[in-house]
Amino acid sequence: MSTTANKIRLGIPKGSLQDATIALFERAGWRIFVNSRSYFPGIDDTEIECMLIRAQEMSRYVAHGALDAGLTGSDWVAENGLDVASVTSLTYSKQSRQKVKWVLAVPEDSPYQRAEDLEGKIIATELVEASKKYFASKGVSVKVEFSWGATEVKPPMLADAIVEVTETGSSLRANRLRIIDTLMESETQLIANRAAYANEWKKQKIDNIAMMLRGAIAAQGQVGMMLRGAIAAQGQVGMMMNAPKADLQKILAVLPALNAPTVSTLSDPEWVALNTILDERVVRDVIPKLKSAGATGIVEYPLSKIVL
């Protein structure tokens, strides 16, 4: 990879987060092109070089400086215990915009009801260090074994319980497991190498990436609030208009805004400009009311990002 000063070496998580991350970057304004034979995806930004790295290893390569920044779970940052800068949290995962949970699960028909019931038992997990700390904090002596995958199928023959990550719990239920405790919640983070983040240009570039990713998630969230059942295609839109100051209060009373509408002065002191965000479903009812209240030059426009 290039060592050019004005270039960010960015780690993209390979595996379960890969598709969701690439989709998020596209909503944020970057297109990432993945070749199945290469671990170095292309990107339409000459100031960024991408590399596919497993989320479990991301913090190691960022901490050691092989990467300037990368996206990984807060769980793996904690598990690896390495010194990296946390730039921002980005709440998205493989299936949803929710945090994932690491849970302690046991077979449905087992007698275990709490962690203390597992004294002397075998626990299978990929999250070894955090699991050891969890049981130690409860004064429970167990054998924590690293699981290379398919952890849900190991109880009861290969392990007595597991510590596993879940979004919905469906995989655990499908394997006849029940949750008896939650160890931690985790969300995706953009992390940075401390030396890289101390560099003025790289810090600005990384912060800009963080801002745009947060904006893409925020915009998706506004649309997502409306994506329920039959209204799955509906979302939020922006609207701007001009209005006489004399009619401003009547117009404000019509607008059901995300927050308060933005009101700006115009060159004519008797007029103002308004900008707001609306549920797309109410636009057809609101525009006639706005017109009647005195608004002119009403423009509706689609949203791709909301930067809060």
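The coordinates are above.
So, here is what we can say about the structure in this document.

Each value, and the rule that gives it
- Along every chain, residues carry numbers that run from 1 in the direction the sequence is written.
- Only residues with pLDDT of at least 70 are given local features in this predicted model, and only at 80 or more are side-chain atom pairs given and counted; all residues enter the totals for whole chains, interfaces and linings.
- Note that the side-chain values use all heavy atoms of the structure and ignore hydrogens as well as water.
- Stacked, edge-to-face and tilted are the three classes for Phe, Tyr and Trp ring pairs, Trp counted by its six-membered ring, which pair at centre distances within 6.5 Å; planes under 30 degrees apart are stacked, over 60 edge-to-face, the rest tilted.
- Helix and strand definitions follow DSSP, with helices as H or I runs of at least four residues and strands as E runs of at least two, each counted in order from the N terminus.
- Relative accessibility decides the category of a residue: with a 1.4 Å probe and only protein chains considered, values under 20% of the type maximum give buried, values over 50% give exposed, and everything between is partly exposed.
- Think of it as a cone above the ring: NZ of Lys or CZ of Arg counts as a charge over the ring if it is within 6 Å of the ring centre and within 35 degrees of the ring normal.
- When DSSP locates at least two bridges between a pair of strands, those strands are taken to pair.
- Look down the strands so they point away from you; if going from the first strand over the helix to the second traces a clockwise path, that crossover is right-handed.
- Any pair of residues with heavy atoms lying within 4.5 Å of one another is described as a contacting pair.
- Note on definitions: salt bridges are taken to be side-chain nitrogens of Lys or Arg within 4 Å of carboxyl oxygens of Asp or Glu.
- Angles run from 0 to 180 degrees between N-to-C directions of axes, and those axes are lines fitted to C-alpha atoms, restricted for helices to the stretch in contact.
- The criterion is simple. A nonpolar core is a set of buried Ala, Val, Leu, Ile, Met, Phe, Trp, Tyr and Cys residues joined through side-chain atoms within 4.5 Å.
- The arc under discussion is defined with respect to the helix axis, by the directions toward the C-beta atoms.

Things to note about the packing of aromatic side chains
Phase 1: Going through the model one piece at a time under the given rule, you end up with 4 aromatic pairs.
Phase 2: Taking 5.8 Å as the distance between ring centres and 90° as the angle between the ring planes, the aromatic pair formed by Trp76 and Trp102 counts as edge-to-face. With Trp76 in helix H3 (residues 74-80) and Trp102 in strand S7 (residues 100-107), the pair connects residues that are 26 residues apart, well separated along the chain. Across the pair, exposure class does not vary: Trp76 and Trp102 are buried alike.
Phase 3: Geometry around Tyr61 places Arg60 over its ring, the cationic atom sitting 5.5 Å from the centre.

Focus on the pairing of strand S8 (residues 122-125)
Remember that side chains alternate between the two faces of the sheet whenever the strand is regular.
Phase 1: Direction of pairing for S8 relative to strand S9 (residues 143-146): parallel, over a ladder of 4 bridges. Bridge assignment links Ile123 to a residue of S9, and that residue is Val144.
Phase 2: Read as a crossover between parallel neighbours, the route from S8 over helix H4 (residues 128-137) to S9 is right-handed.
Phase 3: Bridging between S8 and strand S10 (residues 161-166) involves 3 bridges; their strand directions are parallel. The partner of Thr125 across the bridge, within S10, is Val163.

Side note on the environment of Ser264
Phase 1: When you line up the elements, Ser264 lands in strand S14 (residues 262-265).
Phase 2: Residues Ser264 and Asn242, 22 residues apart in the sequence, show an inter-C-alpha distance of 9.4 Å.
Phase 3: Excluding residues that lie within four positions of it along the chain, Ser264 makes contacts with Val272 and Ala273.

Quick word on the pattern of salt bridges
Phase 1: As enumerated under the stated definition, the model contains 13 salt bridges in all.
Phase 2: The salt bridge partner of Lys205 is Asp45, with a shortest N-O separation of 2.8 Å. Of this pair, Lys205 sits in helix H7 (residues 200-224) while Asp45 is found in the loop between strand S3 (42-43) and strand S4 (48-54), placing the two residues 160 residues apart along the sequence. When sorted by exposure, Lys205 lands in the same class as Asp45, which is buried.
Phase 3: Between Glu116 and Arg114 there is a salt bridge, with the nearest N and O atoms lying 3.7 Å from each other.
Phase 4: By sharing partners, the salt bridges in this structure join Arg9, Asp68 and Lys202 into a single network.

Observations concerning the sheet that holds S14
Phase 1: Spatially, 4 strands are ordered S14-S15-S13-S16 in an open sheet, and the strand pairing comes out antiparallel. The two strands at the open ends of the sheet, each matched to only one other strand, are S14 and strand S16 (296-302). Averaged over neighbouring strand pairs, the angle between their axes works out to 20° when direction is ignored.
Phase 2: Pairing between strand S13 (residues 236-244) and strand S15 (residues 271-279): 9 bridges, direction antiparallel.

With respect to the nonpolar core
Phase 1: In terms of nonpolar packing, the biggest core is built from 30 residues, with Leu10, Phe25, Leu71 and Leu190 touching the most fellow members.
Phase 2: Among the secondary structure elements, those contributing two or more residues to this core are strand S1 (8-14), helix H1 (18-28), S4, strand S5 (69-73), strand S6 (85-90), strand S12 (188-192) and H7.
Phase 3: The biggest single contributor to this core is H7, with 6 residues.
Phase 4: Aside from chain neighbours lying at most four places away, what touches Leu10 is Phe25, Ile48, Glu49, Cys50, Met51, Leu67, Ala69, Gly70, Leu71 and Leu190.
Phase 5: With 20 residues, the next largest nonpolar core counts Ala115, Ile123, Val140 and Ile180 among its residues.

Side note on H1
Phase 1: For H1, the complete set of buried residues consists of Gln18, Ala20, Thr21, Ile22, Leu24, Phe25 and Ala28.
Phase 2: Looking one or two residues beyond H1, the residue adopting positive phi is Gly29, at roughly 115°.

Digging into helix H9 (residues 283-293)
Phase 1: For H9, every residue scored as buried is listed here: Val283, Val286, Leu290 and Ala293. The buried residues of H9 occupy an angular sector of 90° when the element is viewed end-on, so they sit on one face. Exposed residues lying more than 90 degrees from the buried face of H9 are Arg284, Lys291 and Ser292.
Phase 2: On its buried face, H9 sits against S13, helix H8 (248-254), S15 and S16.
Phase 3: Directly beyond the C-terminal end of H9, a positive phi value near 120° is found at Gly294.

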